[in-house]
Amino acid sequence: MLKQWVGKGVWWAIAGLGTAAVAQIALSRGETLNALWLIAAAACIYMIAYRFYAAWIAASVLAIDATRATPAERLDNGRDFVPTHRWVVFGHHFAAIAGPGPLVGPTLAAQFGYLPGTLWLLIGAVLGGAVQDMVTLFLSTRREGRSLGQMARDEIGDIGGTAALIGTFMIMIILIAVLGLVVVNAMKHSPWGTATVAATIPIAMLIGIYMRFIRPGRVLEASVLGVGLLLASVVWGGWVDQQPALAAWFDHEGLPLAFCIIAYGFAAAVFPVWLLLAPRDYLSTFMKLGTVLLLAIAIVWLRPEMHMPAITPFIDGSGPIFGGKLFPFVFITIACGAISGFHALVASGTTPKLISSEGDIRMIGYGAMLLESFVAVMAMIAATVLEPGVYFAINSPAGMVGKEALDAVNTISQWGYSVTVTQMQELANAMGESSLFARTGGAPSLAVGMASLLGTVFGKHLLALWYHFAIMFEAIFILTTLDAGTRVGRFMLQDMLGNLHPQLGKTSYLPSVILTSALVVAGWGYFLYIGVIDPNGGVNILWPLFGIANQMLAAIALSVATGVLIKSGKLRFAWVTGLPLLWLLIITSTAAFEKLTSSDVRVGFFAAANDLALKLSNGLLPPEKAAVAPQLIFNQQLDAWLTVFFVCMLWLVVADMLRVSVRVLRGLPVKPLTEHPYVATRLSSITHR
């Protein structure tokens, strides 16, 4: 009895602290807010959500059964289906889902102030993102580890399923392109950063060879060696930066770097998984979790004040980093960290083939998403503890504030955020960079914020080292998702082509591997190219499309989940996935409508294309912009029609789901559930725990 009362008291205390923290965040106006309130709010909300809401969904809605054999056990082949320890699966799943979104999205959304993005992170993750991840993982685990598109075809219908299959693949192309753009913008004219990131590729390959041939089974040795080499690569990059002859090899414009990223993506899709993809995934997990822990320690130790106001004047859509009003664009700018459709591809891809017990689904599906959201909260803190003038100087494209440093600081100062050329130059020198102006994409400003926090706690004289460590940390986050996404895209394309020619559907057939890898890389490589040549840094063109596409993919996943719940006779629980689905339909459809019809050239795709075409025909563009104007006009129009395509695919899936649901409620025949019959597990608890 006493233990129960103590337990209840602890949870009431956590609830009280969380309520006080959220109230402090929401109501503070006119004074700076201590970042610890954000950490406290996030920690308390996530703990309560995991302990109670996730547990209720697992037990009552999904009826998770730990005695039931999983596909990893029943189909164990030592290659794709392998019963794996729960913490290893958790690490794999977190490494795969944690791309640039939780880092870049909150950083970009900080132009609205810290309040809107933080509230969306806290609410969206608990009620939307983590629910989507856990339910999708559960459904795939019960269906032989099938992909999201295949489950849509099996459970909803051929029309909605085909739309989901095609839409999912096309959305994947856009997502990977944006990942590459963020990396390119972080490495542009940064010999230190480029050399460090480049070194991580041979390091990963070395560890792959080490674990497969040199010292098989010596995982601890390989881990220590790999992490040590990654840390040494940061120091090596600094040495390269000090050698003019060597630095020239790594000092490039965006376009050459984009081609390098494209070549890397092709290699990652074609090379054996043990050579590059697996060791990079494995090593990145250590780096990700270790850096997140260091950053959390730094924030708790320093208790920094948030210098960005709670809400800025840019909520009206006039923001310099990207156009669009607070609603709906804060909800599509912050995708990962709140809710991300990409996670559904992982939750119905590799992860369900590794889980050895259904009892682990809650921890891996719901828990990993909460951890990613916590990363996003810390990214918001790292961005907003910067002086607003510095934040906008780094993230505002030259096309908005001017190419010259003096023009940029004058423009930003007119917005009411003080910054000077000297201040920016001193900051660049401290970070080991020649300039930090117009370093769009979110990654550089996040690295500056992280370096400032980590440097203050662990050595301020090493700011440059911390900055480039942060760049490497971000690049590892992103490249892990980029190479995994490219490989998943290759599998998806092979599945589709296999319907035309069975040989093309075989993942071991080398001509098919090369052909499909080349097609996937060519697809996202083109969008990466148009982002790089964009004078405004590509963010304004690609990030809204990225956000809309990602949230539409999440809506497709939630549509499938809602349809399955209704078919399973669980109509009373359909709101669990139905409410976040409804919200996503509202924000994605509204955002798509604005991107298609807005007359604001910084928001509307067609408006931007028409404005640029008019300026080009009247000779009002400078020569360098006129040279790429036809390509930019075509790209804006292409983005618009892609948005139309994605909206159509989404609503086809939703309409088919509603059709099936109505038939179920009316007692009419529908496709039978494809859930595999119950088979008792033979694995002991020690095996999977």
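Just so you know, these numbers come straight off a predicted model, no measurement behind them.

A.B. asks: Would you mind showing me how to read the overall build of the protein chain here?
C.D. replies: Within the protein chain one finds 28 helices and 2 strands. Taking the principal axes of the C-alpha coordinates as reference, the protein chain spans close to 70 × 65 × 55 Å. Buried positions account for 57% of the 689 residues belonging to the protein chain. When contacts within the protein chain are restricted to residue pairs at least 6 apart in sequence, those whose partners lie at least 24 apart make up 83%. Counting only carbon and sulfur atoms, one obtains 68% of the accessible surface of the protein chain, whose full area is about 25700 Å². Each charge class in the protein chain was averaged separately, 41 positive and 36 negative side chains, and the resulting centres sit 11 Å apart.

A.B. asks: Would you take a moment to explain the nonpolar core for this structure?
C.D. replies: Grouped together as the largest cluster of nonpolar side chains are 210 residues, with contacts concentrated most on Ile261, Tyr366, Ile381, Leu436, Trp524 and Leu528. Ranked by the residues each element gives to this core, the list is headed by helix 8 (residues 158–187), at 18 residues. Here Leu528 is in contact with Ala177, Gly180, Leu181, Val184, Ala258, Ile261 and Ile262, once residues within four sequence places are set aside.

A.B. asks: Any chance you could explain the environment of Gly389 here in plain terms?
C.D. replies: Examined against the element boundaries, Gly389 turns out to sit in helix 17 (residues 388–395). You can call Gly389 buried: its relative accessible area is 1%. When the C-alpha positions of Gly389 and Val409 are compared, they lie 8.1 Å apart, and in sequence the two are 20 residues distant. Setting aside anything within four residues of it in sequence, one finds Gly389 in contact with Ile412, Tyr417, Ser418 and Val419.

A.B. asks: Explanation requested: unusual backbone geometry in the structure shown.
C.D. replies: Most of the time, phi is negative for any residue but glycine, and the peptide bond is trans. Residues Phe327 and Pro328 are joined by a peptide bond in cis, for which omega reads 10°. In the Ramachandran plot, Glu144 falls in the positive-phi region, its phi being about 65° despite a non-glycine side chain. Within the element layout of this structure, Glu144 appears in the loop between helix 6 (114–142) and helix 7 (148–155).

A.B. asks: In this structure, what is going on with the pattern of salt bridges? I would like to understand it.
C.D. replies: Pairs may arise between side chains of opposite charge once their charged atoms sit close together. The final tally for this structure, using the stated rule, is 13 salt bridges. Where Glu155 meets Lys567, a salt bridge forms, and the shortest distance between an N and an O atom there is 2.9 Å. In this pair, Glu155 is assigned in helix 7 and Lys567 in helix 24 (residues 539–567), connecting sequence segments 412 residues apart. Given a relative accessible area of 1%, Glu155 falls into the buried group.

A.B. asks: Teacher, can you tell me more about the packing of helix 8 against helix 27 (residues 623–665) here?
C.D. replies: Axes are the key here: two packed helices are described by the angle between their axes and the distance separating the axes. With their axes 8 Å apart at the nearest point, helix 8 and helix 27 run at an angle of 145° to one another. When you trace helix 8 past helix 27, the crossing you get is left-handed. Contacts from Asp158, Ile159, Gly160, Gly161, Ala163, Ala164, Ile166, Gly167, Met170, Ile171 and Ile174 of helix 8 reach helix 27 at Leu642, Phe645, Phe646, Met649, Leu652, Val653 and Asp656. Along the lines of polarity and charge, the residues of the contact of helix 8 with helix 27 split into 13 nonpolar, 3 polar and 2 charged.

A.B. asks: Explain helix 20 (residues 421–430) here, please?
C.D. replies: Owing to its 3.6 residues per turn, the α-helix aligns residues three or four sequence positions apart on the same side. Taken together, the buried positions of helix 20 are occupied by Met424, Leu427 and Ala428. Projected down its long axis, helix 20 shows its buried positions confined to an angular sector of 100°, all on one face. Residues of helix 20 that are buried in the fold lie against helix 17 and helix 21 (443–458).

A.B. asks: I'm lost on helix 19 (residues 405–414) in this one. Help?
C.D. replies: For helix 19, every residue scored as buried is listed here: Ala408, Val409 and Ile412. One side of helix 19 holds all its buried residues, which, seen down the axis, span an arc of 90°. Those residues of helix 19 that are exposed and aimed more than 90 degrees away from the buried face are Leu406 and Gln414.

A.B. asks: In this structure, what is going on with the environment of Phe546? I would like to understand it.
C.D. replies: Turning to its location among the elements, Phe546 is positioned in helix 24. The exposure class of Phe546 is buried, given its relative accessible area of 3%. Each C-alpha atom of the pair Phe546 and Leu179 lies 9.6 Å from the other, and the pair is 367 residues apart in sequence.

A.B. asks: Please clarify how the side chain of Ser559 should be interpreted in this entry.
C.D. replies: Within the element layout of this structure, Ser559 appears in helix 24. Ignoring sequence-local partners within four residues, the contact set of Ser559 consists of Ile156, Leu581, Val653, Val654 and Met657.

A.B. asks: Whenever I open this one, the packing of aromatic side chains confuses me. Can you help?
C.D. replies: Each aromatic ring pair is characterised by the separation of its centres together with the angle its planes make. Evaluation of the coordinates by the stated rule reveals 19 aromatic pairs. Relative to Trp415, the ring of Phe392 lies with its centre 5.9 Å away and its plane at 80°, an arrangement referred to as edge-to-face. Of the two residues, Phe392 sits in helix 17 while Trp415 sits in the loop between helix 19 and helix 20, which places them 23 residues apart along the sequence. Connected via pairs of aromatic rings, a cluster forms that spans Phe314, Tyr391, Phe392, Trp415 and Tyr417. Seen from the ring of Trp5, Lys8 lies directly overhead, with NZ or CZ sitting 5.5 Å from the centre. When the ring centre of Phe52 is taken as origin, the NZ or CZ atom of Arg51, which lies over that ring, is 4.7 Å away.

A.B. asks: Would you mind showing me how to read the packing of helix 14 (residues 326–333) against helix 25 (residues 575–597) here?
C.D. replies: Interaxial distance between helix 14 and helix 25 falls to 9 Å at its minimum, and their mutual angle equals 110°. The orientation of helix 14 relative to helix 25 falls into the category roughly perpendicular. Like other packed secondary-structure pairs, helix 14 and helix 25 cross with a definite hand, here left-handed. For the pair helix 14 and helix 25, contact is made by Phe327, Pro328, Phe329, Phe331 and Ile332 and by Trp583, Ile586, Ile587, Thr590, Ala591, Glu594 and Lys595, respectively. Along the lines of polarity and charge, the residues of the contact of helix 14 with helix 25 split into 9 nonpolar, 1 polar and 2 charged.

A.B. asks: How do you make sense of the environment of Phe286 when you look at a structure like this?
C.D. replies: Relative to the helices and strands, Phe286 resides in helix 13 (residues 277–302). As a C-alpha pair, Phe286 and Ala15 span 271 residues in sequence and 31 Å in three-dimensional space. Excluding residues within four positions of it along the chain, Phe286 makes contact with Ser223 and Val227.

A.B. asks: Whenever I open this one, a nonpolar patch on the surface confuses me. Can you help?
C.D. replies: Among the surface-exposed residues, Phe327, Trp575, Leu579, Leu582, Trp583 and Ile586 lie close enough to one another that they form a single nonpolar patch of about 560 Å² accessible area. Looking at the nonpolar patch element by element, the count peaks at 5 residues for helix 25. Following the sequence through the fold, Leu579 ends up in helix 25.

Conventions adopted
- Residues numbered from 1 in each chain as written.
- Predicted model: local features only at pLDDT ≥ 70, side-chain atom pairs only at ≥ 80, totals over all residues.
- Heavy atoms only, no water.
- Helix = DSSP H or I, 4+ residues; strand = E, 2+ residues; numbered from the N terminus.
- Buried < 20%, exposed > 50% of the residue type's maximum accessible area, 1.4 Å probe, protein only.
- Contact = heavy atoms within 4.5 Å.
- Areas by Shrake-Rupley, 256 points an atom, 1.4 Å probe, with all protein chains shown as cover.
- Lys, Arg positive; Asp, Glu negative; His and termini not counted.
- Charge placed at Lys NZ, Arg CZ, Asp CG, Glu CD.
- Core = buried A, V, L, I, M, F, W, Y, C linked by side-chain atoms within 4.5 Å.
- Salt bridge = Lys/Arg side-chain N within 4 Å of Asp/Glu carboxyl O.
- Axes fitted to C-alpha atoms, helices over the stretch in contact; angles between N-to-C directions.
- Left-handed = near helix turned anticlockwise from the far one by under 90°.
- Nonpolar A, V, L, I, M, F, W, Y, C, P; charged D, E, K, R; others polar.
- Arc of directions from axis to C-beta.
- Phe/Tyr/Trp six-rings, centres within 6.5 Å; stacked < 30°, edge-to-face > 60°.
- Lys NZ or Arg CZ within 6 Å of the ring centre and 35° of its normal.
- Parallel < 35°, antiparallel > 145°, perpendicular 65-115°, else oblique.
- Patch = residues over 30% accessible without salt bridge, like charges linked within 9 Å, V, L, I, M, F, W, Y side chains within 5 Å.

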